[in-house]
Amino acid sequence: MASQSQGIQQLLQAEKRAAEKVADARKRKARRLKQAKEEAQMEVEQYRREREQEFQSKQQTCGEVRMWKHFGFRAWHTEVPATCWDRTTCSPVSSTGLK
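It should be emphasised that the depicted structure is a prediction, and the values quoted were computed from it without experimental measurement.

Thresholds, definitions, all that
Residues numbered from 1 in each chain as written. Predicted model: local features only at pLDDT ≥ 70, side-chain atom pairs only at ≥ 80, totals over all residues. Heavy atoms only, no water. Helix = DSSP H or I, 4+ residues; strand = E, 2+ residues; numbered from the N terminus. Buried < 20%, exposed > 50% of the residue type's maximum accessible area, 1.4 Å probe, protein only. Patch = residues over 30% accessible without salt bridge, like charges linked within 9 Å, V, L, I, M, F, W, Y side chains within 5 Å. Areas by Shrake-Rupley, 256 points an atom, 1.4 Å probe, with all protein chains shown as cover. Salt bridge = Lys/Arg side-chain N within 4 Å of Asp/Glu carboxyl O. Lys, Arg positive; Asp, Glu negative; His and termini not counted. Charge placed at Lys NZ, Arg CZ, Asp CG, Glu CD. pLDDT = per-residue confidence, 0-100. Contact = heavy atoms within 4.5 Å.

Participant: Honestly, the overall build of the chain in this entry has me stumped. Any pointers?
Facilitator: A count of helical and extended segments in the chain gives one helix and two strands. Order of helices (α) and strands (β) in the chain, N terminus to C terminus: α-β-β. Within the chain, the fraction of its 99 residues that count as buried is 11%.

Below is the structure:
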């Protein structure tokens, strides 16, 4: 009877250790997930800053620009100086309008 009780105690202790390991693994996973989320957020913010800077640069070059956020940062221009960008491809055009 004593050996049976001792066996049960060993099983209970093993179960407790296993539960602790699982809890530790969950904590590590949560930390990794939080860190990955923070890193992704930083990348998104950096991308937005770069795109905003690019937009500001094009806006200064091209004059008045209408932005359609739904389509990303494609711009259609109401005034197109010689050094501006093509309306459809957003690529530089010459003063003659030819690429």
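Participant: Help me out: how do you make sense of a positive patch on the surface in this one?
Facilitator: The grouping of R26, K27, R28, K29, R31 and R32 at the surface amounts to a positive patch. Here K29 is to be found in helix 1 (residues 2-62).

Participant: Quick question: what am I supposed to make of the confidence of the model for the chain here?
Facilitator: In regions of low pLDDT, the predicted coordinates are not meant to be interpreted in detail. Mean pLDDT over the chain: 76, with 61% of residues reaching 70 or higher. Considering each helix and strand of the chain separately, the mean pLDDT is smallest for strand 2 (residues 75-77), with a value of 48, and largest for helix 1, with 93. Of the regions scoring below 50 in pLDDT, residues 67-71 engages in seven contacts with residues more than four places distant in sequence or in other chains. Scored below 50 in pLDDT, residues 75-82 shows 27 contacts in the model against residues more than four places distant or in partner chains.

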